[in-house]
Amino acid sequence: MTPMRRALELARRAVGVSSPNPPVGAVVVRDGEVVGEGWTQPPGQAHAEVVALQDAGDRARGATLYVTLEPHSYHGRTPPCTQRIIDAGISEVYASILDPNPQVAGRGAAILREADIAVHLGDGEDDARELAEPHAKHVTTGLPFVTVKFAASLDGKIATRTGDSKWITGEESRAYVHQLRAASDAIMAGIGTVLADDPQLTARNPDAATLPHQPLRVIVDSRGRTPLNSRLLTEPGETLIATADSGLEIPGAEVVSMPVDDGRVDLCALIQELGRREITSLFVEGGGTLIGSLFDLRLVDKVVAFVAPLIIGGQTAPSPVGGQGSERMADALRLSRVKLRQFGDDVAIIGYCEA
């Protein structure tokens, strides 16, 4: 494994933990030997470069640093990593990508070069850019990166005509969904999903045990219909209920009164509110109404769509995307940078909603 491959592997350990800081991995190599490793710690704690340099100690002098994101150059929650790199005596830095944060955006690399440290860019670029995509969206727009997930049969149904939806996909697909949940700052669902399925909306391991770190659960409930005995209200982690009912109180949840659009919670305003709360990644698992509305408003950045090899049938059986939809095929949203992954008998189609 190359040093940068190892740095990317380490960066994945910070996903879902480091936010609102980006997940970054770092490796220090001296005379062909790895002498230090690290990944970004929770907010306010050390960044990946600092952890790796501390791990290397005196062996960092004259060594090469491999890092998945350009070292930051300003004093935020922590001091600038660029100065720590200079002080440690690093002679050369390989960074996968420049930091999209306007406060950095090449300044980190420039400061290192001014200190006679050679800086090389591009190794592991594609993987590093995917790891940093929530950070990139949030630091440039103030909004979270929105990923929509749904699972459908070959004939495009998410449930039978009676509402039965368990299970369309197999265990391998569902295990991957829990990985995606754990990697997200928040999970969003609509009240229809809560009423129909009474979901837990937690990230769990293969043994069905809840993970120590749980994303915020966000329920879009315009008329305040969340049952007080809903399972999600008693699960580990926090729950936020976005509603148009200003007088609503639900034990076990934070209730936030939102602006209204056509009688429903204004989803644009809700996304903005989540961004203000430093939610950088939002994973949406709602039904067709919520997902369709998000697509109509062009609020979706990425799609993870599972297709299972079964036929459900039925004219009234629900489909994964509601809303108004496109009037013409020319207006239909076409995904880009599409990847296919197989989980057992299921296929996941993963792509981006780019203008």
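The preceding data block contains the structure.
The following paragraphs examine the structure supplied in this document.

Reading the values: rules and limits
- Here the residue numbers are simple positions, counted from 1 along each chain's written sequence.
- Residues qualify for local features only when their pLDDT is at least 70, as the model is predicted, and side-chain atom pairs are given and counted only at 80 or more; totals for whole chains, interfaces and linings, by contrast, use all residues.
- Water and hydrogen atoms play no part in the side-chain values, which are based on all heavy atoms of the structure.
- Buried Ala, Val, Leu, Ile, Met, Phe, Trp, Tyr and Cys residues that are joined via side-chain atoms within 4.5 Å together make up what is termed a nonpolar core.
- The buried label goes to any residue with under 20% of its type's maximum accessible area, the exposed label to any with over 50%, and the partly exposed label to all in between, with areas taken from a 1.4 Å probe on protein chains only.
- Secondary structure elements are defined from DSSP: runs of H or I of at least 4 residues count as helices, runs of E of at least 2 residues count as strands, and each element is numbered from the N terminus.
- Here a residue-residue contact requires only that any non-hydrogen atoms of the pair lie within 4.5 Å.
- Only Phe, Tyr and Trp rings are paired, with Trp represented by its six-membered ring, and only when their centres lie within 6.5 Å; those with planes under 30 degrees apart are stacked, over 60 edge-to-face, the remainder tilted.
- Look at NZ for Lys and CZ for Arg. If either is within 6 Å of the ring centre and within 35 degrees of the ring normal, a charge sits over the ring.
- Only strands joined by at least two bridges in the DSSP assignment are considered to pair.
- Angular values range over 0 to 180 degrees, each being the angle between N-to-C directions of two axes fitted as lines to C-alpha atoms, with helices fitted over their stretch in contact.
- Oblique is the label for every angle not falling under 35 degrees (roughly parallel), over 145 degrees (roughly antiparallel), or within 65 to 115 degrees (roughly perpendicular).
- Two helices cross in a left-handed way if the nearer one is turned anticlockwise from the farther one by less than a right angle. They cross in a right-handed way if the turn is clockwise.
- Residue polarity follows a fixed list, in which Ala, Val, Leu, Ile, Met, Phe, Trp, Tyr, Cys and Pro are nonpolar, Asp, Glu, Lys and Arg are charged, and the others, Gly among them, are polar.
- Relevant arc is that of directions from the helix axis to the C-beta atoms, nothing else.
- To count toward a patch, a residue needs a relative accessible area above 30% and no salt bridge. Like charges then connect within 9 Å, nonpolar side chains (Val, Leu, Ile, Met, Phe, Trp, Tyr) within 5 Å.
- Per-residue and other accessible areas follow the Shrake-Rupley method at a 1.4 Å probe size, with only the shown protein chains counted as cover for residues.
- Basic side-chain nitrogens of Lys or Arg form a salt bridge, by our definition, when they fall within 4 Å of a carboxyl oxygen of Asp or Glu.

## A closer look at the nonpolar core
One finds M188, L270 and V284 to be the most contacted residues of the largest nonpolar core, which totals 30 residues. At five residues, helix 9 (residues 267-276) tops the list of elements feeding residues into this core. In contact with L270, other than residues within four places in its own chain, are M188, V218, V220, A242, M258 and V265. Membership of the second largest hydrophobic core comes to 28 residues, among which are L65, I85, I117 and V119.

## Section: the packing of aromatic side chains
Aromatic ring pairs are described here by two measures, namely the spacing of the ring centres and the angle between the planes. The tally for this structure, following the rule as stated, stands at four aromatic pairs. Where Y66 meets Y94, the ring centres are 5.0 Å apart and the plane angle is 10°; that geometry is what we call stacked. Here Y66 is found in strand 3 (residues 64-69), whereas its partner Y94 is found in strand 4 (residues 92-97), with 28 residues between them in sequence. Put simply, the rings of Y176, F306 and F343 touch in pairs and so form one group of aromatic residues. Above the ring of Y352, the side-chain terminus of R337 is found at 3.8 Å from the ring centroid.

## Some details on the sheet that holds strand 3
Taken together, five strands build an open sheet; the order of strands is 2-1-3-4-5 and the sheet is mixed. If you trace the sheet from one side to the other, it starts and ends with strand 2 (33-39) and strand 5 (118-121), each paired once. Taking the axes of each pair of neighbouring strands and ignoring which way they run, one obtains an average angle of 20° across the sheet. As defined by bridge partners, strand 4 adjoins strand 5 across four bridges and the pair is classed as parallel. Across the sheet, the residue bridging to Y94 is H120, located in strand 5.

## Observations regarding the packing of helix 3 (residues 81-88) against helix 4 (residues 107-114)
Packing of helix 3 against helix 4 leaves a shortest axis separation of 10 Å and a crossing angle of 25°. Here helix 4 runs roughly parallel to helix 3, going by the angle between their axes. Remark: the crossing between helix 3 and helix 4 carries right-handed chirality. Where helix 3 abuts helix 4, its residues T82, I85 and I86 lie against G108, I111 and L112. Counted by class, the contact of helix 3 with helix 4 contains four nonpolar, two polar and no charged residues.

## Looking at helix 1 (residues 3-11)
All buried positions along helix 1 are accounted for by M4, R6, A7, L8, L10 and A11. Tucked inside the fold, the buried residues of helix 1 contact strand 1 (25-30), strand 2, strand 3, strand 4 and helix 5 (125-131).

## Topic: the sheet that holds strand 14 (residues 302-308)
Spatial ordering of the open sheet is given by 10-9-8-7-13-6-14-16-15, a layout of nine strands whose pairing is mixed. The sheet terminates laterally at strand 10 (254-257) and strand 15 (336-343), the two strands that pair on one side only. Recorded for the sheet is a direction-independent mean angle of 20° between the axes of neighbouring strands. Of the pairings in the sheet, the one linking strand 8 (residues 216-220) to strand 9 (residues 239-243) comprises four bridges and is parallel in character. Within strand 9, the residue paired with V220 across the bridge is A242. Most of the contacts of helix 6 (residues 133-141) go to strand 6 (residues 145-153), to which it runs at about 130°, and overall it touches strand 6, strand 13 (281-284), strand 14 and strand 16 (346-352). Sheet strands in contact with helix 9 are strand 6, strand 7 (186-190), strand 8, strand 9 and strand 13, and its direction is about 165° off that of strand 8.

## Describing helix 4
By the burial criterion, the buried members of helix 4 are G108, A109 and L112. Buried residues of helix 4, viewed axially, fall in a sector of 100°; they line one side. The elements touched by buried residues of helix 4 are helix 3, strand 4 and strand 5.

## Side note on a nonpolar patch on the surface
Among the surface-exposed residues, V338, L340, V347 and I349 lie close enough to one another that they form a single nonpolar patch of about 320 Å² accessible area. Contributions of two or more residues to the nonpolar patch are made by strand 15 and strand 16. As for its placement among the helices and strands, L340 is situated in strand 15.

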